2 protein chains.
Amino acid sequence: MKVAFIGLGVMGYPMAGHLQKAGYDVCVYNRTTEKAKKWQAEFSGAFAQTPAEAANDCDIVFCCVGNDDDLKQVVLGEQGILAGMPSGSILVDHTTASAEIAVELAAIAEKNGQYFLDAPVSGGQAGAENGILTVMVGGDEAVFAKVEPVMATFARFSQLMGPVGSGQLAKMVNQICFVNTVQGLAEGLNFAKKAGLDTDKLLDTIGKGAAGSWQMDNRGKTMCANEFDFGFAVDWVRKDLAIAFNEAEKLGADLTATKQIDGYYQEIQEAGGNRWDTSSLISRFKK
Amino acid sequence: MKVAFIGLGVMGYPMAGHLQKAGYDVCVYNRTTEKAKKWQAEFSGAFAQTPAEAANDCDIVFCCVGNDDDLKQVVLGEQGILAGMPSGSILVDHTTASAEIAVELAAIAEKNGQYFLDAPVSGGQAGAENGILTVMVGGDEAVFAKVEPVMATFARFSQLMGPVGSGQLAKMVNQICFVNTVQGLAEGLNFAKKAGLDTDKLLDTIGKGAAGSWQMDNRGKTMCANEFDFGFAVDWVRKDLAIAFNEAEKLGADLTATKQIDGYYQEIQEAGGNRWDTSSLISRFKK
């Protein structure tokens, strides 16, 4: 099966690699051609000079770029993905973007006789590299059924959440939930350090109970050690939260605590921590 | 081995039962004698009319009451636990109380040639009933070593956190962490419901990733169904948080987000939800 992958960022690069290693005939496109060449050298796939060229003759085109604007740029226009994709083929968008643009792009694809799924992922760079992402999908069930086994090359679990846009809505809930958990850890572990507790013992103990979380298991010890130079960047979570706040306004959903935390992330950006992991919330506190 | 259990609340009642069933010779005391009689009928142990009488001749006395004041009342004075406990015996306090009172009671016990461990638990009523609590212990290592196998009758895991008071400090961190996770779930699931997402599918999906938590696994579905008539009550968490805020002031630890959530719990109390589970944070939002 011929597939394309558009966008070789920290997520897309290894995801496209998993597809090629699994035996799919992958053609990649990246804004900076240098990275596409590097990918080709590593995985022996093909690369194209435009999204349309990469998408040409493909059954499925995967895409993972930065935001709504980047997405429009690679999907629409004469050189865009939809211009190259054959009728009957499927565009799977792994970008974390708005539900609105998912609906918009799906409508355009439909007019061309093409299909669209919004399919944001969770699991971060490590999840992409290890091929164990979770994918939240919005779109048609029959289309999802065709794509699911292909996504399985880089995903441990994919779930069809509902119609187009539902994948993005689910991802928003994911981001709302996790940042609050991180804020609790930040306040709790800062308290623990000031109280002189052995934080290794503490995390091993409370991690087994009602305070336990993925964030506690995977970020607790690095937070206590003030290590933030890895993981999911503050810049990225703020982009994602902005999308959620915009959607929440339309829905009339209260996100007071989450907005407060977004303000804390802004403080971290202003202190130069743009690329720090989201667990850097603990860095705001004076030692 | 002869042991006593003082305080037969929702936690103490089953904990004392596990001790008796495991073959320890248990004498209980409860402020309301009616409940002690009920316990005796169910488990065939003994009951006493005062804490001192229950503690008489015991190797270990367990205690689990409401708060610092209740604790002083059962531990000190002529009818109190320490008055009845033999020299060389150990008082294990499972109450969630301040670190300060733990230090205070340990000092008094020491003067009598007795030992004291602060040992607050997590796992809630279900954890107590199923004998799978987690115990956070403060005190002396040799004393802990004597008590640990006995606590194993109602605990899955016990950890010595450090000197007296450390158990209480660890419990405070536990409460700080978990209420923030619940607030994230409240905002996230309220958003999800308003967005029309299938919340069962959503929880099954995002629960596997970076937003996953004990609270999501064990409270997500009941929150979506507005079921709060069980679990860990709002009144209890506010008592625990008050202890943490008092300690945080001494430590100079910022608990801004946690204080905001405590304010939300106050709103729930004012709306009559004193006995609702802490997951009732979602009830504050308009449908």
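Remember, predicted model here, so these are calculated numbers, not experimental data.

A.B. asks: Tell me about the packing of helix 10 (residues 199–206) of chain B against helix 11 (residues 214–224) of chain B, and name the residues and values.
C.D. replies: All names here are of chain B. Where helix 10 contacts helix 11, the axes come no closer than 10 Å and their chain directions differ by 165°. As summarised for this structure, helix 10 and helix 11 are arranged roughly antiparallel, according to the angle between their axes. Crossing of helix 10 against helix 11: the hand is right-handed. Mapping the contact onto sequence places Thr199, Asp200, Leu203, Asp204 and Ile206 in helix 10 and Met216, Gly220, Lys221 and Cys224 in helix 11. Partitioned by chemical class, the residues of the contact of helix 10 with helix 11 number 4 nonpolar, 2 polar and 3 charged.

A.B. asks: If you had to explain helix 1 (residues 12–21) of chain B to someone new, which residues and values would you point to?
C.D. replies: Residues and elements named next belong to chain B. Burial of helix 1 is extensive: 9 of the 10 residues sit out of reach of the surface. Along helix 1, the residues that are buried comprise Gly12, Tyr13, Pro14, Met15, Ala16, Gly17, His18, Leu19 and Gln20. Of the residues one or two after helix 1, glycine 23 is the one with positive phi, at around 105°.

A.B. asks: Quick one: what's the story with the pairing of strand 8 (residues 133–138) of chain A, residue by residue and with numbers?
C.D. replies: All names here are of chain A. With 6 of its 6 residues buried, strand 8 lies for the most part within the structure. Burial of strand 8 is two-sided: the residues Leu133, Val135 and Val137 facing one way and the residues Thr134, Met136 and Gly138 facing the other way are all buried. When strand 7 (residues 121–122) meets strand 8, the two strands line up antiparallel, connected through 2 bridges. Looking at the pairing, valine 121 lines up with valine 135 of strand 8. Judged from the 6 bridges that link them, strand 8 and strand 9 (residues 155–162) form a sheet pairing that is parallel. Within strand 9, the position partnered with glycine 138 by the bridge is glycine 162. With helix 8 (residues 141–151) bridging strand 8 and its parallel neighbour strand 9, the resulting β-α-β unit is right-handed.

A.B. asks: Give a description of the confidence of the model for chain A that names residues and reports values.
C.D. replies: Overall, the predicted model of chain A reaches an average pLDDT of 97, with 100% of residues at or above 70. For this predicted complex, the interface score ipTM comes out at 0.97, while the overall pTM is 0.96.

A.B. asks: Break down helix 8 (residues 141–151) of chain B for me, with residues and values.
C.D. replies: All names here are of chain B. Those residues of helix 8 that sit buried are Val143, Phe144, Val147, Val150 and Met151. The arc that holds the buried residues of helix 8, viewed along the axis, is 120°, so those residues lie on one side. Exposed residues pointing more than 90 degrees away from the buried face of helix 8 are listed as Glu141, Lys146 and Pro149. The inward-facing, buried residues of helix 8 contact helix 1, strand 4 (60–63), strand 5 (90–93), strand 6 (115–118), strand 8 (133–138) and strand 9 (155–162). Of the residues that open helix 8, the one with a side-chain oxygen 3.1 Å from the backbone nitrogen of alanine 142 is aspartate 140.

A.B. asks: Account for the packing of helix 4 (residues 68–75) of chain B against helix 6 (residues 99–111) of chain B, naming residues and giving values.
C.D. replies: Residue and element names in this part refer to chain B. The interhelical angle for the contact between helix 4 and helix 6, taken along N-to-C directions, is 10°, at an axis separation of 11 Å. On the basis of their axis angle, the class for helix 4 and helix 6 is roughly parallel. Every residue of helix 6 that contacts helix 4 at Asp68, Leu71, Lys72 and Val75 is listed here: Ile101, Glu104 and Leu105. Split by residue class, the contact of helix 4 with helix 6 holds 4 nonpolar, no polar and 3 charged.

A.B. asks: Got a sec to walk through the side chain of Lys171(A)? Specific residues and values, please.
C.D. replies: For Lys171(A), the location among the structural elements is in helix 9 (residues 166–194). Despite its burial, Lys171(A) remains without a salt bridge, the nearest opposite charge being carried by Asp240(A) at 4.2 Å.

A.B. asks: Hey, could you go over the pattern of salt bridges for me, with residue numbers and the actual values?
C.D. replies: For the structure on display, the rule yields 16 salt bridges over all chains. When the shortest N-O distance is used, the salt bridge between Glu100(B) and Lys250(B) registers 3.3 Å. Pair noted here: Glu100(B) is in helix 6 and Lys250(B) is in helix 12 (residues 234–251), with a separation of 150 residues, a long-range link. One continuous salt-bridge network, built from bridges that share partners, spans Glu100(A), Glu247(A) and Lys250(A).

A.B. asks: Tell me about the domain arrangement of chain A, residues and numbers included.
C.D. replies: Bring the parts together and some accessible area is lost; that lost area is often taken as the interface size. Residues and elements named next belong to chain A. You can read the domains of chain A as domain 1 (2–163) and domain 2 (169–286). For domain 1 versus domain 2, the distance between C-alpha centres works out to 29 Å. Domain 1 puts 13 residues into the contact, and the matching count from domain 2 is 12 residues. Three residues, Thr96, Ala99 and Met136, lead the burial of domain 1 against domain 2; their summed loss comes to 41% of the area buried on that side. For the pair domain 1 and domain 2, the number of links is 5 residue pairs in polar contact (both at pLDDT 80 or more). Looking at the side of domain 1 that touches domain 2, the elements with two or more residues in it are helix 6 (99–111) and strand 7.

A.B. asks: Could you give an account of the environment of Gln73(A), naming the residues involved and the relevant values?
C.D. replies: Residue and element names in this part refer to chain A. As for its placement among the helices and strands, glutamine 73 is situated in helix 4 (residues 68–75). For glutamine 73, a relative accessible area of 57% puts it in the exposed group. Sequence separation between glutamine 73 and proline 51 is 22 residues, and the spatial gap between their C-alpha atoms is 9.6 Å.

A.B. asks: Any details on unusual backbone geometry? Residues and values, ideally.
C.D. replies: At Asn226(A), a position not held by glycine, the phi torsion is positive, near 55°. Within the secondary structure, Asn226(A) sits in the loop between helix 11 (214–224) and helix 12 (234–251). Positioned with a positive phi, Asp57(B) is a non-glycine residue whose angle comes to about 70°. With respect to the helices and strands, Asp57(B) occurs in the loop between helix 3 (51–55) and strand 4.

A.B. asks: Give me the lowdown on the interface of chain A and chain B, citing residues and values where you can.
C.D. replies: Facing 59 residues of chain A, the contacting portion of chain B comprises 59 residues. For the pair chain A and chain B, the summed buried area comes to about 4800 Å², and 69% of that belongs to carbon and sulfur atoms. Looking only at chain A, the three residues that lose the most surface to chain B are Glu187(A), Phe191(A) and Ala210(A), adding up to 14% of its buried area. Our enumeration of links across chain A and chain B arrives at 0 salt bridges. Remark: the boundary between chain A and chain B carries 13 residue pairs in polar contact (both at pLDDT 80 or more). Elements represented by at least two residues in the side of chain A that touches chain B include exactly strand 8, strand 9, helix 9, helix 10 (199–206), helix 11, helix 12 and helix 13 (256–270) of chain A. For the side of chain A that touches chain B, the leading source of residues is helix 9 of chain A, giving 20 residues. For the side of chain A that touches chain B, a count of residues per class yields 31 nonpolar, 19 polar and 9 charged.

The rules we used
- Starting afresh in each chain, residues are numbered from 1 along the sequence in its written order.
- For this description, chains carry letters from A and ligands carry numbers from 1, given in the order in which they are written.
- Selection of residues for local features in this predicted model requires a pLDDT of at least 70, selection of side-chain atom pairs for listing and counting requires 80 or more, and totals for whole chains, interfaces and linings are taken over all residues.
- With hydrogens and water stripped out, all remaining heavy atoms of the structure feed into the side-chain values.
- The angle between two axes is taken between their N-to-C directions and runs from 0 to 180 degrees, where each axis is a line fitted to C-alpha atoms and a helix contributes only its stretch in contact.
- A run of H or I in DSSP becomes a helix once it reaches four residues, and a run of E becomes a strand once it reaches two; helices and strands are each numbered from the N terminus.
- Geometric relationships in this document are graded by angle, where less than 35 degrees denotes roughly parallel, more than 145 denotes roughly antiparallel, 65 to 115 denotes roughly perpendicular, and other angles denote oblique.
- For any helix crossing, the convention is left-handed if the near helix is rotated counterclockwise from the far helix by under a right angle, and right-handed if that rotation is clockwise.
- In what follows, residue pairs with any heavy atoms lying within 4.5 Å of each other are defined as contacts.
- Residues are grouped as follows: Ala, Val, Leu, Ile, Met, Phe, Trp, Tyr, Cys and Pro are nonpolar; Asp, Glu, Lys and Arg are charged; all remaining types, including Gly, are polar.
- Relative accessible area decides the class of each residue, using a 1.4 Å probe on protein chains only: under 20% of the type maximum gives buried, over 50% gives exposed, and in between gives partly exposed.
- Strands were regarded as paired on the criterion that DSSP finds at least two bridges between them.
- Viewed with both strands pointing away, a crossover whose connecting path from the first strand over the helix to the second turns clockwise is right-handed.
- The score called pLDDT rates the predictor's confidence residue by residue, from a low of 0 to a high of 100.
- By construction, the arc corresponds to the directions joining the helix axis to the C-beta atoms.
- Here a polar contact is recorded for every N or O atom pair within 3.5 Å, except that within protein the pair must consist of a potential hydrogen donor and a potential acceptor, and residues adjacent in sequence are included only if both atoms are side-chain atoms.
- Under the convention used here, Asp and Glu are negative, Lys and Arg are positive, and both His and the chain ends fall outside the count.
- A side-chain nitrogen of Lys or Arg and a carboxyl oxygen of Asp or Glu constitute a salt bridge if their distance falls within 4 Å.
- Annotation comment: domain bounds sourced from an automatic or database domain assignment.
- We define buried area as the total accessible area lost by two parts upon association, computed with a 1.4 Å probe and summed across both.

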